[in-house]
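Residues per chain are reported as follows:
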Amino acid sequence: MLDSASRAGAPAGHGTGAGPESITTGQIMGSHLSTTVAEGLAFMQIVDGRKVDSLSGERIDVACPSDGKVFASIPASGSADVDTAVKAAHTAFSEGPWSRMPAFERGRLLTRLFNLIGEHGDELAALESRDTGKPVRQGKADVAATMRYYEFYGGAADKMHGDTIPFLNGYTALTLREPHGVVAGIIPWNYPLQILARVAGAALAMGNTLVVKPAEDASLSTIRIAELALEAGFPAGVFNVITGYGAEAGAALSAHPLVDYVTFTGSPLTGTRIQQAAAVNNRGVTMELGGKSPQIVFADADLDAALPVLVNAIIQNGGQTCSAGSRVLIEKPVYEAVATALEERFSKLVAGPHDADLDLGPMINRKQMERVTGYVAAAEEAGIPVLARGSVHADAPAGGYYAPPVLFGSVDPQAAIAQEEVFGPVLSLFAFDGEEEAIRLANSTEYGLVAGVWTRDGARQHRVAKRVRAGQVFVNGYGAGGGIELPFGGFKKSGHGREKGFEALFDMSATKTIVFNHG
Ligand code: ADP
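In this numbering scheme, every chain counts its residues from 1 along its sequence in written order. Only residues with pLDDT of 70 or above have their local features reported here, since the model is predicted, and side-chain atom pairs are shown and tallied only from 80 upward, although totals for entire chains, interfaces and linings are computed over all residues. Excluded from the side-chain calculation are hydrogens and water; included are all heavy atoms of the structure.

1. Description of the overall build of the chain
- Put simply, DSSP H or I for four residues or longer makes a helix, DSSP E for two residues or longer makes a strand, and each gets a number counted from the N terminus. A tally of regular secondary structure across the chain gives 15 helices and 23 strands.
- Radius of gyration: over C-alpha atoms. The globule rule applied is 2.2 Å multiplied by the number of residues raised to the 0.38 power. Relative to the compact-globule value of 24 Å for 519 residues, the chain shows a C-alpha radius of gyration of 23 Å, a close match.
- Overall, the chain is about 75 × 60 × 40 Å in size when its C-alpha atoms are taken along their principal axes.
- In the chain, which comprises 519 residues, the proportion classed as buried is 60%.
- For the chain, the computed accessible surface area is about 18,900 Å², with 53% contributed by carbon and sulfur atoms. Categorising residues by exposure relies on relative accessible area from a 1.4 Å probe, with only protein chains included: less than 20% of the type maximum marks a residue as buried, more than 50% marks it as exposed, and the intermediate range marks it as partly exposed. Methods summary: accessible areas were calculated by the Shrake-Rupley approach with a probe of 1.4 Å, and residue burial reflects only the protein chains presented.

2. Things to note about the nonpolar core
- Nine residue types can take part in a nonpolar core, namely buried Ala, Val, Leu, Ile, Met, Phe, Trp, Tyr and Cys, and a core is a set of them joined through side-chain atoms within 4.5 Å. Counting 65 residues, the largest nonpolar core has Tyr150, Tyr153, Phe234 and Phe239 as its most contacted members.
- A per-element tally of this core places helix H5 (residues 192-205) first, with ten residues.
- Sequence-distant contacts of Phe239, defined by excluding residues within four places in its chain, comprise Ile46, Leu196, Ala200, Leu204, Leu210, Val212, Ile225, Ala226 and Ala229.
- Judged by nonpolar contacts, the second largest core, of 32 residues, contains Ile315, Ala339, Leu407 and Leu427. It only takes one pair of heavy atoms within 4.5 Å for two residues to be counted as in contact.

3. Structural notes on helix H8 (residues 268-280)
- In this model H8 runs 19 Å from its N-terminal to its C-terminal C-alpha over 13 residues, within 8% of the 18 Å that 1.5 Å per residue would give.
- Inspection of H8 places Pro268, Gly271, Ile274, Ala277 and Ala278 among the buried residues, and these make up the whole buried set.
- Turning to H8, the residues buried within the fold contact strand S8 (182-186), helix H7 (246-255), strand S11 (261-265) and strand S12 (284-288).
- Phi turns positive one or two residues past the end of H8, at Asn282, with a value near 50°. By definition here, a helix of n residues has an expected span of 1.5 Å times n minus one.

4. Examining the confidence of the model for the chain
- Think of pLDDT as the predictor's per-residue confidence, scored from 0 to 100. Summing up the model confidence of the chain, the mean pLDDT is 93 and the portion of residues at 70 or higher is 93%.
- Predicted confidence for residues 1-32 stays below pLDDT 50, and this span has 147 contacts to residues more than four positions away or in other chains.

5. With respect to the site of the ligand
- We call a residue near a given molecule or strand whenever any one of its heavy atoms falls within 4 Å of it. Taken together, 17 residues lie near the ligand, and Ile187, Lys213, Glu216, Ser267 and Thr270 sit nearest.
- Here a polar contact is taken to be a pair of N or O atoms separated by no more than 3.5 Å, where protein atoms must pair a possible hydrogen donor with a possible acceptor and residues adjacent in sequence count only if both atoms sit in side chains. Side-chain polar atom of Lys213 to an oxygen atom of the ligand: 2.7 Å apart, as the coordinates give it.
- One nitrogen or oxygen atom from the main chain of Ala215 is found 3.5 Å from an oxygen atom belonging to the ligand.
- In the complex, the protein chains occlude 83% of the 550 Å² of accessible area that the ligand would expose alone.
- Here the ligand is seated within the largest pocket.
- Those elements giving two or more residues to the shell around the ligand turn out to be H7 and H8. With a 1 Å grid spanning the protein atoms alone, the term cavity applies to any set of points in which a 1.4 Å probe fits but cannot get out, the term pocket to an open set with protein on both sides within 12 Å along at least five of seven lines, and the term lining residue to any residue with an atom within 4 Å of a point. By definition, a pocket or cavity contains a molecule when more than half of the molecule's atoms lie within 2 Å of the pocket's grid points.

6. Observations concerning a nonpolar patch on the surface
- Every patch collects residues that have over 30% relative accessible area and no salt bridge, joining them within 9 Å if they carry like charges and within 5 Å if they are nonpolar side chains (Val, Leu, Ile, Met, Phe, Trp, Tyr). One side-chain nitrogen of Lys or Arg within 4 Å of one carboxyl oxygen of Asp or Glu is enough to make a salt bridge. On the surface, Phe167, Leu168, Tyr171 and Val515 cluster together into a nonpolar patch covering about 370 Å² of accessible area.
- Checked against the element boundaries, Phe167 lands in the loop between strand S6 (164-165) and strand S7 (171-179).

7. Overview of the packing of aromatic side chains
- Centres within 6.5 Å make a pair out of two Phe, Tyr or Trp rings, where for Trp the six-membered ring is used; the pair is then stacked when the planes are under 30 degrees apart, edge-to-face when over 60, and tilted otherwise. Counted under the stated rule, the structure contains seven aromatic pairs.
- Centre to centre, the rings of Trp98 and Phe234 are 5.8 Å apart; their planes meet at 45°, and the pair counts as tilted. Pair noted here: Trp98 is in the loop between helix H1 (79-94) and helix H2 (103-119) and Phe234 is in the loop between helix H6 (220-232) and strand S10 (239-241), with a separation of 136 residues, a long-range link.
- On the accessibility criterion, Phe234 (3% relative accessible area) is buried.

8. Side note on the sheet that holds strand S23 (residues 509-517)
- Read across the sheet, three strands follow the order S6-S7-S23 without closing on themselves; strand pairing throughout is antiparallel. Where the open sheet ends on each side, the last strands, each with one partner, are S6 and S23.
- If DSSP finds at least two bridges between two strands, the strands pair. Sheet topology note: the S6/S7 ladder contains two bridges and is antiparallel. Looking at S7, one finds that Ile165 is bridged to Ala173.

9. Considerations on the sheet that holds strand S1 (residues 41-42)
- Ordered by their spatial adjacency, three strands build an open sheet running S1-S5-S4, and the pairing between neighbours is mixed. What marks the edges here is a single partner per strand, and that holds for S1 and strand S4 (59-64).

10. Quick word on the pairing of strand S19 (residues 426-432)
- Among the seven residues that make up S19, six are buried, leaving the element largely enclosed by the rest of the structure.
- Of the strand pairs in this sheet, strand S14 (residues 327-331) and S19 are connected by five bridges, and their pairing is parallel. The residue bridging Glu331 from the neighbouring strand is Phe432, located in S19.
- Where strand S18 (residues 406-408) lies against S19, three bridges are found, and the strand directions are parallel. Paired with Phe408 across the two strands is Ser428, which belongs to S19.

11. Side note on the pairing of strand S21 (residues 472-475)
- Of the two faces of S21, the one lined by Gln472 and Phe474 is fully buried and the one lined by Val473 and Val475 carries no buried residue.
- As paired elements, strand S20 (residues 450-454) and S21 share four bridges and run parallel to each other. Opposite Gly452, over in S21, you have Phe474 as the bridge partner.
- For crossovers, right-handed means that the path from the first strand over the helix to the second runs clockwise, given strands pointing away from the viewer. Since S20 and S21 lie parallel, the crossover through helix H14 (residues 458-467) that links them has a hand, and here it is right-handed.

Take a look at the structure:
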């Protein structure tokens, strides 16, 4: 799960550019954990155009990952709440004004939402940062990418059209692209604003209605965007948000018989559960399930250009990015030089609270922090050498969920840390000998989301880009500043279906064929 312009000019998949180099010296100046942002607010979910609590009245505390302290709450909804929201979305799809609205008007509503997000940009960035712990700079970059999604899909809504097909004499055959109906969007906690935007932008542009279930750890910006959508003029029932735990609200949503299509970004295990639930109703799904993405550095690469990007691709958003470049494959003649340069950079990296805006923030929650430190401890126990370790700022609050960045060298390609998605600031280095071995290593995990290829050899750029199994391949770069226009999704365990760009409009619609017999 990952997307604007880093100092390296090449941010990883989601979110915009965390700077590649340490910006930390001395004290955290003026760090006060932005204690006024959403402080004490009881957020409401959005169902059928209204702000509502859960039917049970139960709530979930919202803690800031930077200090672990509760500052707000969200409704804890279950299957009855989901049923109400899905029925509202179903009615809005089949009977409401939305169903009769021309495509260009849907586009104008998305463009109005784009404008409103711009007006509330600072507020949204601060909210996202406090809710997820991401540095404020990353929150702002996420807002910029989010705006691009609504701008892009606002413009695209009336550009999608079908075909006419040469058929038998006396017939005219044509196709229409029709919306699925009610789209369920189950959103992860790493880039809530951006991932909601890629789902909502494409789904609404095609005329679907939405029920969104954001992650229990990061629901606030989704609620705010749905409120702004109402202000923009989306009819009641078109853009619904249900908050709650995955096993309750999420499971009920993916299994609901009136849901027509499910789109999910998150872990493979949860993806399997959601597909099984949707399969009972024989509904289609789009699955974006993470990666173990390689960057391949050949001996002829421009190392000065590559180094900051290699670092940024794993520390952006604390490594909690589907498209994180978590494996760096280095050709033997330059292995030592690249490893030494990365060591220097990694040892200077500093994690700290979101509003101190250091190299990286905390992990989203305690479980995630323990997952990351557990992978690191297991790799150390297995004898994999730690080349460098960053630090947690001395003034970072003790209750925060910090995991310092770690660089491992000479990693066994079969080790857990080489095969499994850690979802943290942990980078593994591997040496290779020639193009064949590079490709074999790059393809040696179950994942296939993104890859980077660093070489000045043009023919090799093409050969390697074609043979690496990944949904996106970057040559002499990595990530794409959000890549709103670029189809995104995986091979193998990284999932199926494509989001972003025009391609997402196909996932968010179905072809209807109409045949006229005019004799
Ligand atoms: P994590 O394990 O880090 O929480 P997940 O991939 O499980 O990541 O979570 C991503 C999203 O999926 C969240 O919105 C979460 O609430 C939701 N989710 C978790 N479990 C289920 C489930 N069984 N059914 C539907 N959604 C779920």
